[in-house]
Each structure stands twice: as structure tokens, then as C-alpha cells.
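A structural walkthrough
Chain residues, written in single-letter form:
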Amino acid sequence: MKKLLTTSALALSLAAGAASAEGKLVIYHWFEYIPQELLDKFAAEHDVEVVMDTYDSNEALLAALKAGAIGTYDVAVPGDYMVQIMAGEGLLDTIAEGELANKGNIQPQWADPAFDPGRTHSIPYQWGSTSFMVNRDVWQGDINTTDILFNPPAELSGKINMLDSQGEVLAMAALHMGIPQCSTDREQLKALNAMLQEAKTHWASFNSDTAKEVLVSGDAAVGQIYDGFGAKARAEGANVEYAFPTQGYVVWMDNVVLLKDAPNRENALKFMDFLLEPENIAAVSNYARYVAGVEGVAPYLDPELATQPESNPPAEAGPGVFIAVCDQATQEVYDQIWTNLKK
Amino acid sequence: MAGGAASGGGPRADTYAADRTWLLLPAWVTLSILVLAPVAMMLVYSFLTKEFRGGVIWEFSLAAYDQFFFDRGLFGDEPPRIEWTYILIFWRSIWQAGAATLLSLLIGLPTAYYIATRPARQRAVWLFLITIPYWVNLLIRTVSMKFLLRDQGPLNDALLGLGVIDAPLSIVNTNLAVQLGLFYSYLPFMVLPIYAAVERYNFALSEAAADLYATRWVILRRILLPNVRPGIIAGCVLVFVPSLGSFLAPDLLGGARNFMIGSLIEEQFKGNAGNWPFGAAASMILLTLVLILLLAFARAQSRESR
Amino acid sequence: MAKRYDLRVYPGFRAVTFLCLFVLYAPLVVVMVYSFNASPSITNWEGLSLRWYADVFTGPESAKFKAAARNSFVIALVAASVATAIATLSATAILRGGRFRLRLVSFGLISLPLMVPEIVTAVATLIFFNAIGFDRGLLTILLAHIAFCIPFAYLPIAARMQGIEDTYEQAAMDLYATRRQAFVRVLLPLMMPGIVSGFLLAFIVSLDDFIITNFVKGAGVETLPTAIFGSVKQGIRPNIMAISTMLLAVSVVMVTLSWLISRRDTTR
């Protein structure tokens, strides 16, 4: 017993006492979304100890910060709509004009997005789309329509996996019906509710964690999926094709934000400047297979990325839309629709 | 249960009556701080007003319980009717967990018995054999289970090859898959307590019964099972309760087409809904249900043993 | 007296046990086989390879997984030991402490972590730690694990203690043993199978916990489950299978060792 205690005390002290570098930077990030070499490079360049913690969804990030984790982390990487929500919740610090030397590197199309006007809280990290993939061995017809998900042909009925994520499913459903994402029209909402109930009879499962695996293994013939995962599913040998529906598809962008009460604000800004350098952010793209929002990354990119079908929508594709942020009353109706769908 | 596990040995056994305060002190201190205080906090939260997108506003409200029991339509302005949604979710979870517990008992009891009747020095090895699989993370085990049960998976291949079936069995995304997953998740929780109980069973009792011409199945039913009942009850509780709140097996094996209690509550805290008071209320209702169930069980048992 | 048959043997029980082991181990075979897969996919077989084992030790995440494994083992060992000790003491008070007012209440309190859904404990504990200004880190994980391990250790221990008549200790004390001696020399040895299964349950419960750990862990502190869950969000890769296989190997080594030790004990 005594030996046990000594061993554990030793291990505890080992885990606790690693800090030795000049400064520190605490990142709250998605898992496996940044190459370790890049973090090491930053740590070496600025003599900063980098500590990273991870979360698995935008909502989990919000929940953790609201439960009191704010003040622990310097930067986080929320998706587009979550930047807006976090700003509304007062969880973000403001980046003053001139605090970021490389702010000019942001591509013009991402310099003033609706979810963070003027980029006062965030910088672009990576962006991509969320649509669905179809197994071409099972279905040879047209796939560029949301009917594949919500009103599928008999061959695909019962073989569809949806993401277990309210935002992505309901945004896609809104595109399918051609209604706004935050509709307040009662008839539209009732129709949306009814449409989803009907569509569910064609769905085999809701699964985000194994969205790629079910496509590769053939368990699902259709699967809602992020473009980067789609590319990986294809690379693993599945005969699957990523769809760009004419009704439109979901676009997302992850952003590095400066958190309120950041304990190492200076280093957080240095880190953001670091990620605005084309060479560095290109390393993330090469690793995660998504697209950066910074000028001049092309020379550093893996050439395959440029031609990847999942990142290159055809001309006839519908518009790519961000997930909208609704007000409380509207959101409650959508929450109810989602509960109805899964009850 | 409470009466069961608490009363064995009988309140007459009072060897350490003088020490009981400090014997219980560590448990009281640890659990008061780490469980009781947080649960009390949850109870308070369930009566607060929800803050949009997670969090609470410190104002008294019954909205969470209202949402649980009354259906006011999609837009919240219809006259209230009884809400069946959540009752249905609870019922589904209870049913699934119950089926998984029964399955665990049917497999776990003979296994525990068999292990407990091995020669003394083999028993530790057998126990380890039962617990070894649990060194692999639950998620990985569940994913592998899914792989085995797939339509084109090894199980179906084997059964087809043996000519047992003509077409692949569709197990994944069914209730059966969820039950198998839960059974697999918590089996040692059934085996270990029963083992501990059988291990100290006095086989002289069986001998005596056999001398009175009882068959071995009668002995099993009338002598052995009543004697190891505390272990069986402990095992059933240890499997049933975690099964109620689990969401890995339902999500991965069952396809997550329908909420279970666990995923419903998780959604309130980590999902889009962000309705903490409702999540707290659902938890308190679940907790109350489990406690009522266990108390009823304890009463029935203490009445029986009197 | 000549026995008509062995009363301890029930036909079919052995078959059920082997069926049970088969069900337990079949998915593990999948894990082991696919840990040697050359392909980065876990569903397509592309030939034998050790690359994922190399990846675990030298890959970009090796440092993280090593730290996570160390954390997991330390936490599981300490939490299970402390929980088992607390549970043994509590069981002694509840089952050998006579009749007292807080008896049922104490039992209820000990069982409470089992009754509360994990996600609730997780959120409540997080809010609680924040409220009292306790910094999250390895220590918060350890404390939370001790709390929810207690009932898992308690139930097998209590189930065992109920079956031991207190006449043994009474006899010892009639022979002038002190209460402490009766406890240490008589009750504890008799309790050992219960204590071992209680410890084992607590150990695997702690080793496998994800939900609570994920909420109460501090920045940069990972346990194996949190590292694995995070990793599979990007798709399940064979390196996770390789880690799992190695964990299995460690546990098999432990079994063999314990078997050898127990054999030496009895042959002495």
C-alpha cells in the first residue's frame, strides 16, 4: 500500500509539474485537427509551452465554457454559427485594430463574414461542406438532389445514415423544402415536421461517429458526411461519390477565436498571427484535408487537395449555406421538431 | 435491495458497533462532497429557469417538469395534454435495460457458478478471463461487436456457410443489437457479485437436501438460489442501472433512431437543445424512479425474510 | 457416504460458461486481427502489417497516448484501491455495526452514484468544482473516480460479508482477540474473494470511464478513454486497435503472473 501511494504521488507530480517554458498557451480544440509538428514549431519559435485540450462538438465546447471553463483557455476553434452564439453569450474577447499583424492575409471572401462582422473575434481556420455520399454500386442515377436523403428511391430506402446532429439535419431539410432555416411560418414548420417524420421511415440510423465507417463497409448506401471524411472514405476504396445537390448544401467554417479572460492573451494573439501565415495554415489543410481561408496558401498545398472532388463543387451545384442562428422562440420550435423526430 | 444487501448478517451482528462512526466516516465525507452535493445542486437546477443555449437563470420555475409531463403542441400554445414522448422514451429504456439484465443473468449466473466451483487456485484465472475484455475501451468493443453482427459480417458468413440460415440476419440497428450490446457492456457486473456469493455457499446444505431426495434442480431453486440471492440482486442492480443511462450501445448498435434516457439527457447538456433545467428534471425523475423501484424491492424482500 | 452424483455440477453450466467466454472474446479477435491490417481502414483487409504498432510508439500522437495510458493506470489503481478500502470499512459498519439510525441512509448514500445517470454526475460535479473554485486536473478526475467506484466495490464486498457468520469473529474474541485482531486476522482473510472482485470491478469501471472524466478533466489531461473517444471522432483507425491489443496483452501478462504466484503459494 505504501509503495502504491509513493508510485501514485510520483505520477501525479510528474503530470503536474511539467511547466518550465517562458510563457504558456492553452488551446481548446477539436481532436486531431492540428498537426503536432505545427504546435511544436510555434512552441519553439515563441518559447511558449503549448497545452491543448479537446472537445467533440460545437455544443460541447459551449456547454463546457458555460459550465465555468471560461478563463482556463486562451483560444478555441468553434464553427461559424457557434462563433456568433459565443459572441452573443459574451464568451469572446475583442481583437482590437492592429493587434494582428497578419490580418490582411485573410481572403476577402472571409474577411467580413455574417457570423463575425469585421472579424473582431476570430480568424479563419478551415472550411468545407457537409453534404452526403452515395454508394455508386447501389445507385447509378442522379445523386445531386436532396431527394436522395428525404425522399429516396426504393433502392436506397432503409440504407441511409444521417448525422446525429440537429443543425446539419435540419439545415439540409430546410434546403430540401426551399424554406428559410429559421422559419417562423407555422405552415412551413408543420410541413417540415411532417416531411421529416415521413423521411425517417427511410433512414436506418443516426450516427456521426461512424459516418465514414458505415459508408466504407457498405452498411449504409447513403450517408450524410463532411467533405473531408468523404474524401477519406473514397480513399479507403469505397465506390462512393460526394453529392452537391442543386437545392444547395451546408457550408461550414471553423475559426480560431480569442476567448474572454484568456490567461495568456499575448500568446493567443501570436498564435493567431502564426496561423494566418500561409505556410502554417497550409500544413493544417494538408493534415485535415479541408480548405484554408488565407491568401497565398496554394504553393504549400498538397496538389491532390486542389483536385479533390469533395472540395470542388460542379457548376450546377446549388448554393452553399451556413447553418443559421435562430432566436430563442424559433429555436425552441426547431428543438421540438428534432425531439419529435427522435422520440 | 437496500434491505437485502444491508440486512444480511442481520442487525444482530454488532461486533464493530463501537467503531461504526469512524468506519463510515470516509464514505460519508467522500460521497457527501462528491455525489450528494452535486445531486442536490441538480435538484435545485431542475426548478430554475432555463437560459437559452445552456445555463440557468436563478428564478424559480416549474417549466422543466411541465415540459416533461404536458404536451402543448409544436408551438407551445395549445391546451396542455399528457405528453407521451418522454414517458415513451423512459419506457423504452427500462424495457431495453430489463431485457439486457435478464440476458446477463441467464448467462452470468451459470458462469459465476461454474467459476466458483472450480478448484481454488483456478478461480482467480477464471475471474481474470471474465474481466480481461474490459481492458479494451467500451467504444472499441462496441464497434467490434457491430462489425461482427453486420449483415455481411463474420457471424452471418458463418451461419450462412453452415447452412443454418438462407439469408443474412439483420441484427444491427435493431433492439436485439442494443440488448446484446448492453449485455456485453456490463456482464462482469453480473458475474462478479454472484461469484462472490456462490463462493461462500456451504455445499453441506445441498448435501443435506440431496439426502432428503431433492433432485439437483430442486436444490438449485429451493436452496442454492435463495442463498446466493444477495449476489444476484447486486448483479442485477449493477447491470440494470448503468444500462438505463447508457447511450453508446443504443447509438452505435441500435442506430440512434430513437432517444434513450441517456442520450435524451446528454442532448440537454451537450447537444443543440441546451436546456439544463430539463436535463436536470429528467435526471431527477429517473433517479426517483430507480429509488422507488429499489425501495419496493427492498420492502418485498424484508417482508419475505421475516 | 457414497454420493449418487456430484452435487456441485449442473449439466449445461459449463457450456454456458464457454458460450459466455466466446461472446466476450469474439469482438476482441476482431480488434486483434485488424490491429495488424496494413490499410488505414478498419473494415477493409489489405494484408499484414505492424505499422500501427509502430505508429502508437513513434507516431505523432505517441506522446499523448503514452501520457493518457499512464494517467489511466494511476487513476484506476489509486481510485480502485481507495474505493475498495472505503467500501470495506463501510460494509463492516453496515453489516457488523448492529442496528443504528443511519444504517439504511448510509447504504443509500453509498449506492447513490449507481442510481444517478453518469451524465448528471458529470455535469453536477463540474458545476460543483467550479463553484468551490477547485482547479480541474488529474486530482479532480481521481476524486470523481473514487466516488463512483465506491458502490461498485461495495456490492461484491457486502454480498460476501453477508454470507460470513459473525460467529467466527465472536469465537476469536472469546479467545481474547481484540476487535482489531478479529477484523484483520479473521474477517479480512475470509472477505478476500469479495474484496478482490470489488477491486476488479472498481478498477475496470475507472479504466473505462469516459463521460465523467471528460467533464472533470483539466486542460491537456487525457485518460485513455478520452484520448480514444477524441481520436475516433476523426474515424476509427487501426492504431486504436493496436493500443487495445497491447492493453489486452498487459492484462494477459497480469493473469499469468497472478496464476504463477497463486501456484507458488499453494505448493509451498
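1. As for the state of the cysteines
Counted by the stated rule, this structure contains one disulfide over all chains. Between the sulfur atoms of A:C182 and its disulfide mate A:C326 the distance is 2.0 Å. Taking the sign of the S-S torsion, -85 degrees for the link of A:C182 and A:C326, the bridge is left-handed. A residue pair is termed long-range when its members are at least 10 positions apart, and A:C182 in the loop between α6 (166-177) and α7 (186-200) and A:C326 in the loop between β10 (320-321) and α13 (328-342) qualify at 144 residues. Counting only cysteine sulfurs, B:C236 is the nearest neighbor of C:C20, a cysteine outside any disulfide, at a range of 15 Å. For C:C20, a relative accessible area of 2% translates into the label buried.

2. Some thoughts on the interface of chain C and chain B
With 117 residues of chain C in contact, the opposing surface of chain B contributes 108 residues. Summed over both partners, the interface of chain C with chain B buries about 10,600 Å², with 77% contributed by carbon and sulfur atoms. Among the residues chain C hides against chain B, the three largest losses belong to C:R8, C:Y10 and C:M115. Together they make up 7% of the total. B:R141 is the salt-bridge partner of C:D208, the closest N and O atoms lying 2.9 Å from each other. The greatest single-element share of the side of chain C that touches chain B, amounting to 17 residues, is contributed by helix α1 (residues 13-35) of chain C. Residues of the side of chain C that touches chain B, tallied by class, amount to 84 nonpolar, 19 polar and 14 charged.

3. Brief notes about the pairing of strand β9 (residues 249-258) of chain A
Residue and element names in this part refer to chain A. Of all 10 residues that make up β9, 10 are buried, and the element is covered over most of its length. Sheet topology places strand β3 (residues 75-76) next to β9; two bridges connect them, and they run antiparallel. From the neighbouring strand, A76 faces β9, where its bridge partner is V257. Where strand β4 (residues 122-135) lies against β9, eight bridges are found, and the strand directions are antiparallel. Bridge assignment links W127 to a residue of β9, and that residue is M253. As defined by bridge partners, β9 adjoins β10 across two bridges and the pair is classed as parallel. Within β10, the residue paired with V250 across the bridge is V321.

4. With respect to helix α10 (residues 265-275) of chain A
The buried fraction of α10(A) is high, at eight of 11 residues. For α10(A), the complete set of buried residues consists of A:N267, A:A268, A:L269, A:F271, A:M272, A:D273, A:F274 and A:L275.

5. A closer look at the domain arrangement of chain A
Residue and element names in this part refer to chain A. Considered domain by domain, chain A is made up of domain 1 (5-126 + 253-305) and domain 2 (128-251 + 310-342). On a C-alpha basis, the centroid separation for the pair domain 1 and domain 2 is 29 Å. Contact with domain 1, which involves 11 residues of that partner, is made by 11 residues of domain 2. Between domain 1 and domain 2 lies a buried interface of about 920 Å² when both sides are counted; carbon and sulfur atoms form 66% of it. The largest contributions to the domain 1 side of the interface with domain 2 come from Y81, R289 and Y290, which together make up 44% of the buried area. Here the side of domain 1 that touches domain 2 gets four residues from one element, more than from any other, and that element is helix α4 (residues 80-88). Broken down by class, the residue content of the side of domain 1 that touches domain 2 amounts to eight nonpolar, one polar and two charged.

6. Notes on the packing of aromatic side chains
Overall, the coordinates contain 43 aromatic pairs over all chains when judged by the stated rule. Connected via pairs of aromatic rings, a cluster forms that spans B:Y113, B:Y201, B:F203, B:W217, C:Y10 and C:F13. Sitting over the face of the ring of B:F75, A:R186 holds its NZ or CZ atom 4.2 Å from the ring centroid. Cation over ring: A:K342 sits above A:F206, and NZ or CZ is 5.0 Å from the ring centre.

7. Description of the nonpolar core
Residues A:M86, A:F150, A:L196, A:W203 and A:F271 are the most contacted members of the largest nonpolar core, which totals 298 residues. Here this core gets 16 residues from one element, more than from any other, and that element is helix α6 (residues 138-163) of chain C. Viewed by domain, this core spans two of them, domain 1 (5-126 + 253-305) and domain 2 (128-251 + 310-342) of chain A, each represented by three or more residues. Look past the residues within four positions of A:W203 in its chain and what remains in contact with it is A:L149, A:F150, A:I160, A:M162, A:V169, A:L196, A:L341 and B:R257. One finds B:F147, B:L148, C:V30 and C:Y34 within the second-largest nonpolar core, a separate group that totals five residues.

8. With respect to the environment of C:A83
Residues and elements named next belong to chain C. Mapping A83 onto the fold places it in helix α3 (residues 62-96). On the basis of relative accessible area, A83 is assigned to the buried category, the value being 0%. Separated by 64 residues in sequence, A83 and A147 place their C-alpha atoms 7.3 Å apart. A83 has contacts with I146, C149, I150 and A153, leaving out every residue within four places of it along the chain.

9. Considerations on empty space enclosed by the protein
Per the stated rule, a full pass over the model turns up eight cavities of 30 Å³ or more. Size it by volume and the second largest cavity reaches roughly 290 Å³. Lining the second largest cavity are 25 residues, with A:E59, A:Y81, A:Q331, B:R53 and B:N272 positioned closest to its centre. When residues in the lining of the second largest cavity are grouped by element, the largest group, four residues, is from α6(A). Of the residues assigned to the lining of the second largest cavity, the class counts are 15 nonpolar, eight polar and two charged. Each of domain 1 (5-126 + 253-305) and domain 2 (128-251 + 310-342) of chain A contributes no fewer than three residues to the lining of the second largest cavity.

10. Quick look at a nonpolar patch on the surface
Together, B:F69, B:F70, B:I82, B:W84 and B:I87 make up an exposed nonpolar region whose accessible area comes to about 490 Å². Relative to the helices and strands, B:I82 resides in strand β4 (residues 81-82).

11. As for the confidence of the model for chain B
Caution is warranted with low-pLDDT regions, since their predicted coordinates should not be read in detail. Residues and elements named next belong to chain B. Looking at chain B, the pLDDT average stands at 84 and 93% of residues meet or exceed 70. Averaged pLDDT values for the elements of chain B fall to 38 in helix α1 (residues 2-7) and rise to 93 in helix α4 (residues 85-116). Counting interchain partners and residues more than four positions distant, the pLDDT-below-50 stretch residues 1-11 has 38 contacts.

12. Quick word on unusual backbone geometry
Residues and elements named next belong to chain B. With phi around 70 degrees, Y213 is a residue other than glycine that occupies positive phi space. Along the chain, Y213 turns up in the loop between α9 (204-211) and α10 (216-227). The phi dihedral of A256 is positive, around 55 degrees, even though this residue is not glycine. With respect to the helices, strands and loops of the structure, A256 is situated in the loop between α12 (248-252) and α13 (261-270).

Rules of the game
- Residues numbered from 1 in each chain as written.
- Chains lettered and ligands numbered in written order.
- Predicted model: local features only at pLDDT ≥ 70, side-chain atom pairs only at ≥ 80, totals over all residues.
- Heavy atoms only, no water.
- Disulfide = S-S within 2.5 Å.
- Helix = DSSP H or I, 4+ residues; strand = E, 2+ residues; numbered from the N terminus.
- Buried < 20%, exposed > 50% of the residue type's maximum accessible area, 1.4 Å probe, protein only.
- Contact = heavy atoms within 4.5 Å.
- Buried area = accessible area lost by both parts, 1.4 Å probe.
- Salt bridge = Lys/Arg side-chain N within 4 Å of Asp/Glu carboxyl O.
- Nonpolar A, V, L, I, M, F, W, Y, C, P; charged D, E, K, R; others polar.
- Pairing = 2+ DSSP bridges.
- Domains from an automatic or database assignment.
- Phe/Tyr/Trp six-rings, centres within 6.5 Å; stacked < 30°, edge-to-face > 60°.
- Lys NZ or Arg CZ within 6 Å of the ring centre and 35° of its normal.
- Core = buried A, V, L, I, M, F, W, Y, C linked by side-chain atoms within 4.5 Å.
- 1 Å grid on protein atoms, 1.4 Å probe; cavity = no way out; pocket = protein on both sides within 12 Å on 5 of 7 lines; lining within 4 Å.
- Points joined across faces, edges and corners; volume = space filled by probe spheres on them.
- Patch = residues over 30% accessible without salt bridge, like charges linked within 9 Å, V, L, I, M, F, W, Y side chains within 5 Å.
- Areas by Shrake-Rupley, 256 points an atom, 1.4 Å probe, with all protein chains shown as cover.
- pLDDT = per-residue confidence, 0-100.

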